[in-house]
Amino acid sequence: MERNVRLQYDRANLKQVHGDTRGVLAALEPDLRFTAQSGAQEINLAAQGFKPAQLAKFGINPATFPLIVKVQTTEVQLSASQVLFNLPDYELLRGSKSEVAVVNFTELASEGDLILAVGTAYLKVISDQSNLANAQAQERYSQTQFSQADDKFKAGVSVRLDSLRAQVDFQQRQQATIAAQTQLAKDLIQLNRIMGLPANQQVTLTDAAPFAELAAMPLEAAKLTAYKHRKDFLSLLAQVDVANRELKAVRYQRLPTVAFNGYYGVLGQTDGMYHGVFTAQGTLKFPIFREAGQRGEEESVDAQLLALHQRLADARIAIDGQIRSSMLDVQSYAELVKVAQSNVDLAQQELSDEHDRFAAGIDTNLPLVDAEASVTGAQAQLVQALYQYNVAKLYLARNTGIVESRYRTYLGK
């Protein structure tokens, strides 16, 4: 959970969407600003078209009136603006919250996929460890049989064929052990990769392969659980809500918008008299001659909404099929585990009987070698059946949307 690259990407994307949502909210919140400015300027009245000769009409001597004027002013003001009525923006704000839910569900779905991947890889390594232990045990047993057959041959109480047959069987067990060791090392590398650890990281797994029968769940109950907890399905529902909000926002663009803006402050000469100044302005806007653009946007969003509804319907069908398939897998692999366990018991009994017959000199070691192969095959089938059964339970938990919280329960731990 801490090191997986995909989860880190999803978390970064979630932060970005949170930031975008705050930007949408800021467009609807009051905008308050405080400004202060002071300036000095020198104005050429003559360049502005002022004619001093006209001052004589008012009894002012034009010669005493300066044409170059210096002005120093200071202004301080508090301004505010607020959108009072804009339904499209409000619908987009509501839709942005659903967009956050979409990204959040995507992250949770990635967590579920990661749990499934780690669980499957973990079970595979456990299976490899069991196969290696079985191979090593069979190798030791075969080595013992080879030593006994070779001693009998040297003592002249058995033929060389028995010794050669035992040696071939022992070497085959050695090859099986080497193959099991290699497979275990490769699957450990894969587990480290999923966990975000170095490939050469040494890992010791402390859990054994669990076997616990899973209580049967009615199909309809499983489907209802999936509809409530499957993150991909919930993400589609949130996307439908986003599209509905966008469609409403497009339709609401035909409505007028109301806004307010203004300011209050003081203005005057820097070293002189100040006086209060203010502006209060209300704005009412009506959209005119935008019907063609409105209908185009509406049709585009409506098409997206239709596609989402189709995906939602397809998701319901897919969930039904996935749950049915997972239930069949769990049932069949549970039976396979029981049959495989019975085969191991029978094969071990057969090996014990053949060992007694060989020790008593009744049979050659050919039936004994065959019995050893039967035990090896039965144990391998049992390990594989346990792995498939546990993986099937994990997939059932994933398909019902509760693998994140109940994977231990499904594995019987």
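Residues numbered from 1 in each chain as written. Predicted model: local features only at pLDDT ≥ 70, side-chain atom pairs only at ≥ 80, totals over all residues. Heavy atoms only, no water.

Caption draft 1: Spatial organisation of the side chain of aspartate 187. Along the chain, the position of aspartate 187 falls in helix α3 (residues 160-195). Polar side-chain contacts of aspartate 187 include one of 3.1 Å to the side chain of lysine 124. Apart from residues no more than four positions distant in its own chain, aspartate 187 is found in contact with Lys124, Val125 and Asp128. (Helix = DSSP H or I, 4+ residues; strand = E, 2+ residues; numbered from the N terminus. Polar contact = N/O pair within 3.5 Å; in protein donor to acceptor, adjacent residues only side chain to side chain. Contact = heavy atoms within 4.5 Å.)

Caption draft 2: Inspection of the pairing of strand β3 (residues 257-269) at higher detail. Taken together, the 12 bridges between strand β2 (residues 68-85) and β3 define a ladder with antiparallel strand orientation. Paired with alanine 80 across the two strands is glycine 262, which belongs to β3. Bridge analysis of β3 against strand β4 (residues 274-285) gives 12 bridges, and the strand direction is antiparallel. Within β4, the residue paired with threonine 257 across the bridge is lysine 285. Here β3 hands over to β4 after four residues, the two strands then running antiparallel side by side. (Pairing = 2+ DSSP bridges.)

Caption draft 3: Up close: the pattern of salt bridges. A complete count under the given rule lists 16 salt bridges for this structure. Measuring nitrogen to oxygen at the nearest pair gives 3.2 Å for the salt bridge that ties arginine 245 to glutamate 91. One end of the pair, arginine 245, is in helix α5 (residues 231-252); the other, glutamate 91, is in helix α2 (residues 87-155), and 154 residues separate them in sequence. On the basis of relative accessible area, glutamate 91 is assigned to the buried category, the value being 5%. (Salt bridge = Lys/Arg side-chain N within 4 Å of Asp/Glu carboxyl O. Buried < 20%, exposed > 50% of the residue type's maximum accessible area, 1.4 Å probe, protein only.)

Caption draft 4: Spotlight on the layout of surface pockets. Roughly 220 Å³ of internal volume is contained in the second largest pocket. For the second largest pocket, the lining is made up of 13 residues, of which Leu214, Ala215, Ala216, Val330 and Gln331 are closest to its centre. Ranked by residue count, the leading element in the lining of the second largest pocket is helix α6 (residues 291-359), at six residues. Counted by class, the lining of the second largest pocket contains nine nonpolar, one polar and three charged residues. (1 Å grid on protein atoms, 1.4 Å probe; cavity = no way out; pocket = protein on both sides within 12 Å on 5 of 7 lines; lining within 4 Å. Points joined across faces, edges and corners; volume = space filled by probe spheres on them. Nonpolar A, V, L, I, M, F, W, Y, C, P; charged D, E, K, R; others polar.)

Caption draft 5: Examining the packing of α2 against α5 more closely. Between α2 and α5, the least distance of the axes is 8 Å, while the angle of their chain directions is 165°. The angle between α2 and α5 falls in the class roughly antiparallel. Classified by chirality, the crossing of α5 by α2 is left-handed. For the contact of α2 with α5, the per-class residue count stands at 13 nonpolar, five polar and eight charged. (Axes fitted to C-alpha atoms, helices over the stretch in contact; angles between N-to-C directions. Parallel < 35°, antiparallel > 145°, perpendicular 65-115°, else oblique. Left-handed = near helix turned anticlockwise from the far one by under 90°.)

Caption draft 6: Looking closely at the nonpolar core. In terms of nonpolar packing, the biggest core is built from 35 residues, with Phe233, Ile319, Ile323, Met327, Val337 and Leu382 touching the most fellow members. Taken together, the elements giving at least two residues each to this core come down to α4 (219-229), α5, α6 and α7 (366-399). Element by element, the count of residues in this core is highest for α6, at 15 residues. Counting residues in each nonpolar core, the second largest holds 13 residues, with Ala180, Leu184, Leu191 and Leu205 among its members. (Core = buried A, V, L, I, M, F, W, Y, C linked by side-chain atoms within 4.5 Å.)

Caption draft 7: Layout of a negative patch on the surface. On the surface, a cluster of negative charge is contributed by Glu350, Asp353, Asp356 and Asp370. For the negative patch, the leading source of residues is α6, giving three residues. Positionally, aspartate 370 belongs in helix α7. The exposure class of aspartate 370 is partly exposed, given its relative accessible area of 45%. (Patch = residues over 30% accessible without salt bridge, like charges linked within 9 Å, V, L, I, M, F, W, Y side chains within 5 Å. Areas by Shrake-Rupley, 256 points an atom, 1.4 Å probe, with all protein chains shown as cover. Lys, Arg positive; Asp, Glu negative; His and termini not counted. Charge placed at Lys NZ, Arg CZ, Asp CG, Glu CD.)

Caption draft 8: Focus on the packing of aromatic side chains. Throughout the structure, instances matching the rule amount to two aromatic pairs. Consider the rings of tyrosine 227 and phenylalanine 233, whose centres lie 5.2 Å apart with planes at 35°: the pair is tilted. Judged on exposure class, the residue tyrosine 227 and its partner phenylalanine 233 are both buried. Between arginine 316 and the ring centre of tyrosine 227, over which it is positioned, the NZ or CZ distance is 4.9 Å. (Phe/Tyr/Trp six-rings, centres within 6.5 Å; stacked < 30°, edge-to-face > 60°. Lys NZ or Arg CZ within 6 Å of the ring centre and 35° of its normal.)

Caption draft 9: Examining the environment of serine 326 more closely. Tracing the chain through its elements places serine 326 in helix α6. On the accessibility criterion, serine 326 (5% relative accessible area) is buried. If we ignore the near neighbours within four places in the chain, the residues touching serine 326 are Tyr395, Leu396 and Asn399.

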